[in-house]
Amino acid sequence: MSMLTPPGMGGEYRITGDKYPRMRRPKRRPRLVLVIVASVVVAGLISWGTLQLIDVFSGGDNKTVTSTKPSCMTRPATRPSPTPAAKSLPKPAQITVNVFNATPRSGLAKETADGLKKRGFRIGEVANASKEYDKKVPGTAVLLGAKSATGAALPVLGTQLRGADLKTDSRAKATEVDFIIGNRFKSLSTKADADKALAALTAPRPTPTPSC
């Protein structure tokens with residue numbers, strides 16, 4: 001009997017020689033699986049609890065917020081309306097134009113007056129410019145009128161010539177304006193261009209609506 005054999009044991013439990021059974025620890029796979037499952041459950045509970053807290057602090061209302069901004073589809077179409085300035089604009093036949101030549105070129109005042117008359121304007125005085133403006137108008141022309149003519153007679157006359165300077169003085173009559181010819185003046189705008197500018201000036205403009 002070997003010294004490693006416990007007393008009273010023999011047969012299959014008898015240990016002989018220098019060999020002996022090795023004792024191994026039992027496998028712990030079931031415990032590892034339980035740990036993983038428990039971790040997943042805990043993580044799920046934490047997530048669910050977080051959502052519940054968010055729901056509590058947000059008032060528990062997860063409904064979609066409806067915008068209070070009115071829809072563009074429900075707005076009635078806005079009809080164009082003329083501006084106050086367009087309503088008060090006089091017609092060329094209601095405007096008296098005094099034509100003055102501030103250049104050294106002769107005949108410009110009469111020639112310009114004849115052109116304005118053909119386009120419907122009433123012609124007043126035709127002469128050389130006063131000392132205040134004689135040879136002192138470097139641009140195409142100066143259109144001079146009453147302060148009340150800035151939104152009426154002056155812009156209407158301005159449609160006949162591009163680049164003219166609009167100025168006012170102390171006169172009282174709003175329908176009488178001066179056309180003072182300057183050094184860069186060559187001729188009036190073509191009738192087609194003048195008619196187009198006059199139509200744009202008097203055309204009704206649509207009221208702007210807020211964008212969606």
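Residues numbered from 1 in each chain as written. Predicted model: local features only at pLDDT ≥ 70, side-chain atom pairs only at ≥ 80, totals over all residues. Heavy atoms only, no water.

- The chain has the name Membrane protein in an unreviewed UniProt entry, where Streptomyces poonensis is given as its organism.

1. Digging into the overall build of the chain
Part 1 of the argument: Counting secondary structure elements, the chain contains five helices and five strands.
Part 2 of the argument: Listed N to C, the secondary structure of the chain is α-α-β-α-β-β-α-β-β-α in terms of helices and strands.
Part 3 of the argument: Across the 212 residues in the chain, those meeting the buried criterion constitute 26%.
Part 4 of the argument: Looking at the chain alone, contacts between residues at least 24 apart form 73% of all its contacts between residues at least 6 apart.
Part 5 of the argument: Looking at the chain as shown, the accessible area adds up to about 15900 Å², and 59% of this sits on carbon and sulfur atoms. (Helix = DSSP H or I, 4+ residues; strand = E, 2+ residues; numbered from the N terminus. Buried < 20%, exposed > 50% of the residue type's maximum accessible area, 1.4 Å probe, protein only. Contact = heavy atoms within 4.5 Å. Areas by Shrake-Rupley, 256 points an atom, 1.4 Å probe, with all protein chains shown as cover.)

2. Thoughts on the side chain of T112
Part 1 of the argument: Following the sequence through the fold, T112 ends up in helix 3 (residues 108-118).
Part 2 of the argument: Excluding its chain neighbours within four sequence positions, the residues that come into contact with T112 are V99, F179, I181, F185 and L188.

3. Description of the pattern of salt bridges
Part 1 of the argument: Summed over all chains, the structure comprises five salt bridges.
Part 2 of the argument: A salt bridge links D134 to K135, with the shortest nitrogen-to-oxygen separation between them at 3.5 Å.
Part 3 of the argument: A single network of salt bridges, built from pairs that share partners, joins D169, R171 and D178. (Salt bridge = Lys/Arg side-chain N within 4 Å of Asp/Glu carboxyl O.)

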